[in-house]
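# Structural features, examined
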Amino acid sequence: MDKLIIDGGKPLRGKVRISGAKNAALAILCASILANEEVVLENIPDISDVQVMIEIIKNIGAEVTWLDNSSLRVVGPSRPAADPPCALVKKLRASNLLLGPLLAKFGYARVSLPGGCNIGIRPMDLHFKGLASMGARMDIEGGYAVGRVDGRLKGARIYLDFPSVGATENIMMAACLAEGQTVLENVAKEPEIVDLANFLNCLGAKVRGAGTDIIKIEGVPELGGCLRYAVIPDRIEAGTFMVAAAATRGHLELENIIPLHVEPICAKLREAGVDIIEDYDVLTVRAGGMLRPVDIKTLPYPGFPTDMQSQMMALFSTVEGTSIIIENIFENRFQIADELKRMGARIKVEGRMAVVEGVPGLHGTQVKATDLRAGAALVIAGLMAPGRTEIFNAHYIDRGYHMLEGKLRSLGAEVARA
Ligand SMILES: CC(=O)N[C@H]1[C@@H](OP(=O)(O)OP(=O)(O)OC[C@H]2O[C@@H](n3ccc(=O)[nH]c3=O)[C@H](O)[C@@H]2O)O[C@H](CO)[C@@H](O)[C@@H]1O
Ligand SMILES: C=C(OP(=O)(O)O)C(=O)O
């Protein structure tokens, strides 16, 4: 069942509830290893990346139980039962976030180099550099990242050459149990970083400044539990539905939104002529008639998110005029262009720039998802295109979208799986 079939050409209409954020949930699951007592997590999306992460931390020795369809009870291991299994670690990128917590709590971590989508080289030098500054001996041994430390990690002053989300998270988690203060400079400011910091503070950590360029962490000897922590809504899932509404000239009400987190996406959609109204945690998105071409550049938050770039390319493919996309984060994120071209799009890619010439319409055909967001973009293209679109490699889409077919069907789309 790895194919999505969409009979497109109809506007999406109705209300949809946005699930918890994949990238926050994955980091928080890794952080729950640090806890010495029970943790209850709410608003967890039941997507394949989360299922794999649950299996990984169970293998390490954590007890994990679903309390309902979006709440989890986690009891972290008091000692590691085993290294994270390589076969599972290779299934997702966020497994690299186990390194910091395991090293900080147990003094030893051996984690296979992670997998995930093929969107760029994705080195871990900044993670390694940061953990090494705190006294860890970091090595790559036979495809595994291995960290060792005698006693506790030591607080340090660490400057990141690039505000990497993963490096900020790994070092921040490790620093919570280090001796003394860690000052992390030029850090990532994504909402998922703030969510992780809030969760760590709920466990008793002393993290200040998350969401700014500098995070200060006073290490504590141990962390407790947290009886209720709700993960933030997924700004990328929200953005994907917003673009789908615009692309199909539909009218959607999105519930469970933090408007500030989707502001960079709203700004660009408004520039294109999409009508967006915010009302607390509800966003109404409506598009009718002609849209205008716009240019986007992906950047670290609060810049335009790379995880929304492919979906925007699908939208621009039928907006009359020329839209230019510059991808500054991942060098291999334009693979989607070839698939959209199979549906009739006119896109020229030159290095990190894509030039999209809007055509009057796309047509359904057979295409394949090359990564998670490319898959989401093909779903949007399929919803726009009259006729049948068959999207192969749907497992990529399942990594990050909770109940996508069900949600789309409730909005009037014709979507099936085969
Ligand atoms: C699970 C998760 O949260 N994934 C998100 C996270 O990925 P991830 O944490 O992997 O992304 P990073 O912010 O670390 O990567 C950004 C850039 O920094 C480079 N880099 C990163 C680390 C390093 O040690 N050295 C280095 O050079 C990367 O190659 C890339 O060019 O942030 C990305 C950027 O917003 C998002 O697209 C991903 O959805
Ligand atoms: C790139 C993404 O995720 P990951 O870092 O898990 O591959 C994404 O969510 O678009």
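Residues numbered from 1 in each chain as written. Chains lettered and ligands numbered in written order. Predicted model: local features only at pLDDT ≥ 70, side-chain atom pairs only at ≥ 80, totals over all residues.

Keep this limit in mind: UniProt positions are given in the numbering used here, feature names are shortened, and annotations may be inferred rather than shown by experiment.
Under an unreviewed UniProt entry, the chain has the name UDP-N-acetylglucosamine 1-carboxyvinyltransferase and belongs to Desulfoscipio geothermicus DSM 3669. A UniProt comment under Pathway (unreviewed entry) is attached to the chain, and it reads "Cell wall biogenesis; peptidoglycan biosynthesis." Regarding the chain, the relevant UniProt record gives this comment under Sequence similarities (unreviewed entry): "Belongs to the EPSP synthase family. MurA subfamily."

### Observations concerning the sheet that holds strand β3 (residues 39–42)
The test is simple: Paired strands, in this sense, are two strands between which DSSP finds at least two bridges. Helix and strand labels come from DSSP, where a helix needs a run of H or I of at least four residues and a strand needs a run of E of at least two; each type is numbered from the N terminus. Note on definitions: angles span 0 to 180 degrees between N-to-C directions of axes, and those axes are lines fitted to C-alpha atoms, for helices only across the stretch in contact.
Strand order in the open sheet formed by 4 strands is β4-β5-β3-β13, and the pairing between neighbours is mixed. Across the chains shown, the open sheet's two edge strands, defined by having one partner strand only, are β4 (63–68) and β13 (226–230). In this sheet, neighbouring strand axes are inclined to one another by 20° on average, regardless of whether the strands run parallel or antiparallel. Looking at chain direction, β3 and β13 are connected through 3 bridges and run parallel. The residue bridging Glu 42 from the neighbouring strand is Ala 230, located in β13.

### Things to note about the environment of Leu 200
Put simply, the rule reads: Contact between two residues is assigned whenever their backbone-derived C-beta positions fall within 7 Å.
Among the secondary structure elements, Leu 200 is positioned in helix α7 (residues 191–202). Along the chain, Leu 200 and Gly 166 lie 34 residues apart, while their C-alpha atoms are 16 Å from each other. Excluding residues within four positions of it along the chain, Leu 200 makes contact with Ala 31, Met 173, Cys 176, Ala 205 and Val 207.

### Quick word on the UniProt feature "modified residue: 2-(S-cysteinyl)pyruvic acid O-phosphothioketal" (unreviewed entry) in the chain
Feature annotation in UniProt places "modified residue: 2-(S-cysteinyl)pyruvic acid O-phosphothioketal" (unreviewed entry) on Cys 117, given in this structure's numbering. With respect to the helices and strands, Cys 117 occurs in the loop between β6 (108–112) and α5 (125–133). Not counting chain neighbours up to four residues away, the residues in contact with Cys 117 comprise Asp 371, Leu 372 and Tyr 396.

### Points about the site of ligand 1
What counts here: In this text, near has one meaning. A residue is near a molecule or strand if its C-beta atom, placed using the backbone, is within 6 Å of it. For the domain bounds, the source is a domain assignment made automatically or taken from a database.
Taken together, 22 residues surround ligand 1, and among them Asn 23, Leu 126, Ser 164, Val 165 and Gly 166 come closest. Within the residue set of the shell around ligand 1, elements represented by two or more residues are α1 (22–31), α5 and α6 (165–176). Lining the shell around ligand 1 are residues from two domains, each supplying at least three of them: domain 1 (3–18 + 234–417) and domain 2 (22–230).

### Section: the confidence of the model for the chain
The condition that has to hold: Each residue carries a pLDDT score, the predictor's confidence in it, ranging from 0 to 100.
Confidence in the prediction of the chain, expressed as mean pLDDT, is 96, and 100% of residues score 70 or more. Scored as a complex, the prediction yields pTM 0.98 and ipTM 0.99.

### Quick look at the UniProt feature "binding site: phosphoenolpyruvate" (unreviewed entry) in the chain
Just so we agree on the cut-off: Exposure is read from a count of other C-beta atoms within 10 Å of each residue's own; the residue is exposed at 12 or fewer, buried at 20 or more and partly exposed in between. C-beta atoms are placed from the backbone.
The UniProt record annotates "binding site: phosphoenolpyruvate" (unreviewed entry) at Lys 22 and Asn 23. Within the fold, Lys 22 resides in helix α1. In this structure Lys 22 comes out as buried when scored by C-beta crowding, with 28 C-beta atoms within 10 Å. Apart from the residues within four sequence positions on either side, Lys 22 is in contact with Pro 45, Ile 47, Asp 49, Asp 234 and Gly 400. Within the secondary structure, Asn 23 is located in helix α1.

### Some words on the nonpolar core
For clarity, the threshold we go by: Defined on buried residues, the nonpolar core groups Ala, Val, Leu, Ile, Met, Phe, Trp, Tyr and Cys residues joined through C-beta atoms within 7 Å.
Grouped together as the largest cluster of nonpolar side chains are 152 residues, with contacts concentrated most on Cys 176, Ala 246, Met 313 and Ile 380. No other element matches helix α12 (residues 372–384), which puts 10 residues into this core. Apart from the residues lying within four places of it in its own chain, the contact partners of Ile 380 are Val 243, Ala 244, Ala 247, Gln 311, Ala 314 and Leu 315.

### A few points about the domain arrangement of the chain
Size of an interface: often given as the accessible area lost when the parts come together. Inclusion rule: Asp, Glu, Lys and Arg are counted as charged, while Ala, Val, Leu, Ile, Met, Phe, Trp, Tyr, Cys and Pro are counted as nonpolar; the rest, among them Gly, fall into the polar class.
Examined at the domain level, the chain breaks down into domain 1 (3–18 + 234–417) and domain 2 (22–230). On a C-alpha basis, the centroid separation for the pair domain 1 and domain 2 is 30 Å. Between domain 1 and domain 2, the contact holds 18 residues from the first and 15 residues from the second. Per-class residue counts for the side of domain 1 that touches domain 2 are 7 nonpolar, 4 polar and 7 charged.

### Observations regarding the packing of α1 against helix α2 (residues 48–60)
This is how the line gets drawn: Geometric relationships in this document are graded by angle, where less than 35 degrees denotes roughly parallel, more than 145 denotes roughly antiparallel, 65 to 115 denotes roughly perpendicular, and other angles denote oblique.
Where α1 contacts α2, the axes come no closer than 10 Å and their chain directions differ by 5°. Taken together, the axes of α1 and α2 are roughly parallel relative to one another. From α1, Lys 22, Ala 25, Leu 26 and Leu 29 reach across to α2, where they touch Asp 49, Val 50, Met 53, Ile 54 and Ile 57. Its residues assigned to classes, the contact of α1 with α2 shows 7 nonpolar, no polar and 2 charged.

### Topic: unusual backbone geometry
That bond from Tyr 301 to Pro 302 is cis: its omega, 10°, falls within 30 degrees of zero. Mapped onto the fold, Pro 302 is located in the loop between β17 (296–297) and α10 (309–316). A positive phi angle is found at Tyr 280, which is not glycine, with a value near 55°. By secondary structure assignment, the location of Tyr 280 is in the loop between β15 (275–279) and β16 (282–286). In this model, Asn 393 sits at a positive phi of 65°, which is unusual for a non-glycine residue. Structurally, the position occupied by Asn 393 is in the loop between β22 (387–392) and α13 (394–398). On the basis of neighbour counts, which here come to 18 C-beta atoms within 10 Å, the residue Asn 393 falls in the partly exposed class.

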